[in-house]
Amino acid sequence: MKTLPELSPASAASAVAADDAGTPVSVKIRERLRAARHRFNANDNIADFIEPGELEKLLDEVEHKMQGVLDSMVIDTESDHNTANTARRVAKMYINEVFRGRYVQGPPITEFPNAERLNELMIVGPITVRSACSHHFCPVVGKLWIGVMPNERTNVIGLSKYARLAEWIMGRPQIQEEAVVQLADLIQEKTKPDGLAIVMEATHYCMAWRGVKDMDSKMINSVMRGVFLKDVNLRREFLALIPRQG
Ligand SMILES: [Zn+2]
């Protein structure tokens, strides 16, 4: 029996590097998250823990695992040209499109001081919402309205920025109740208004495509903060002004 030669420090280092190269990128990212005690639920953003170039590797990893799912579903992706690139397409859709809000930094928002001293109720919406439920990864599609009650210290952001912030929050597997709270927290932090109200109305395709197969049911929920909580008339005014259908 041959004894193995002792590893020189250089080859030991390269052995470690080779080992590290074989570690799936998702494992590396998860280790960083755990070390920082940072939550990584489906609707958490983890962009701070992803190094440059790793998102492409993550996409390759998801594609590889997705291929395994197709194989386990006994779909002949070799002969069936319709599914030949499905694993790659689904991986791209998850990482770069529908769940992008998990993997990239938030949109840059320039805040301006409230020079006009706006102090009237402002309503933004309807903003189209596209998300997916964390339970089934089925689409959640709907609308939301944002009511802002500024004061002279409130930062003003451009109207289109509200849609950008919403897109970033909704671009994750979500639970509607948590999504509106996450969005309210973010707008609160960026603009510091006296009051903030959000109403979201959406169709959950996990109830339309599967489950009870009810095509018409919609879920509506709201968050009220600050003066919207205290002032019944203001709340009524906001709810009366948003033109919801059915
Ligand atoms: Zn669902």
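Calculation rules
Here the residue index of a chain counts from 1 through its sequence in written order. Where local features are concerned, this predicted model is filtered to residues with pLDDT of at least 70; where side-chain atom pairs are given and counted, the filter is 80 or more; whole-chain, interface and lining totals use all residues. The side-chain numbers reported here are obtained from all heavy atoms of the structure, hydrogens and water having been left aside. Counting from the N terminus, the helices are DSSP H or I runs at least four residues long and the strands are E runs at least two residues long. Expected helix span is given by 1.5 Å per residue-to-residue step, counting one fewer step than there are residues. Should any heavy atoms of two residues lie within 4.5 Å, those residues are considered in contact. Salt bridges are defined as contacts in which a side-chain nitrogen from Lys or Arg sits within 4 Å of a carboxyl oxygen from Asp or Glu. Coordination shells were defined by N, O and S atoms within 2.8 Å of each metal, extended to 3.2 Å for Na, K and Ca; water is absent from the atom set, which can make sites look incomplete. The buried label applies to any residue whose accessible area, calculated with a 1.4 Å probe on protein chains only, is under 20% of its type's maximum; exposed applies above 50%, and partly exposed to all values in between. Strands pair, by our definition, only if DSSP identifies at least two bridges between them. In this analysis an axis means a line fitted to C-alpha atoms, helices contributing only their contacting stretch, and an angle means the value between N-to-C directions, from 0 to 180 degrees. Ring pairs shown here join Phe, Tyr and Trp side chains whose ring centres sit within 6.5 Å, with only the six-membered ring taken for Trp; geometry is labelled stacked below 30 degrees between planes, edge-to-face above 60, and tilted in between. A ring has a charge above it when a Lys NZ or an Arg CZ is no more than 6 Å from the ring centre and no more than 35 degrees off the ring normal.

*Asks:* Give a detailed account of helix α7 (residues 176-191), specifying residues and quantitative values.
*Replies:* For an α-helix the count is 3.6 residues per turn, leaving residues at separations of three or four pointing the same way. In a regular helix each residue adds 1.5 Å, so 16 residues correspond to 22 Å; α7 covers 22 Å between its end C-alpha atoms and thus fits that length. Buried residues in α7 make contact with β3 (139-149), β4 (155-156), α6 (159-170), β5 (173-174), β6 (195-204) and β7 (218-226). Two residues or fewer past α7, Lys192 is found with a positive phi of approximately 45 degrees.

*Asks:* Please set out the pattern of salt bridges residue by residue, giving values where relevant.
*Replies:* In this structure the tally under the stated criterion is eight salt bridges. Among the ionic pairs, Lys65 bridges to Glu61, the shortest N-O distance being 3.8 Å. Of this pair, Lys65 and Glu61 both sit in helix α3 (residues 54-72), separated by four residues, roughly a single helical turn. What you see here is one network of salt bridges that share partners, running through Arg32, Glu51 and Glu54.

*Asks:* Explain the coordination of the zinc ion residue by residue, including any values.
*Replies:* Coordination of the zinc ion by the protein is provided by Cys133 (SG), His136 (ND1) and Cys206 (SG), with metal-donor distances spanning 2.2 to 2.3 Å. The exposure class of Cys206 is buried, given its relative accessible area of 10%.

*Asks:* Just give me the short version of the sheet that holds β7, but keep the residues and values in it.
*Replies:* A sheet is described by the order of its strands in space; here five strands give the open sequence β5-β2-β3-β6-β7, paired in mixed fashion. Both outer strands of the open sheet, β5 and β7, are each paired with one neighbouring strand and no more. Pairing analysis gives two bridges linking strand β2 (residues 122-133) to β5, with the strands arranged parallel. Counted as the bridge partner of Cys133 is Gln174 from β5. Seen against the sheet, α6 touches β2, β3, β5 and β6 and runs at an angle of roughly 20 degrees to β2. Lying on the sheet, α7 is in contact with β3, β5, β6 and β7; it crosses β7 at an angle near 30 degrees.

*Asks:* Describe the packing of aromatic side chains, with residues and values.
*Replies:* Counted according to the given criterion, the structure contains four aromatic pairs. Aromatic pair Phe228 and Phe238: ring centres 5.7 Å apart, planes at 70 degrees, arrangement edge-to-face. Residue Phe228 is found in helix α9 (residues 227-230), and its partner Phe238 is found in helix α10 (residues 232-241); the two are separated by ten residues along the sequence. The lysine or arginine in question, Arg172, covers the ring of Trp168, its NZ or CZ lying 4.5 Å from the ring centre.

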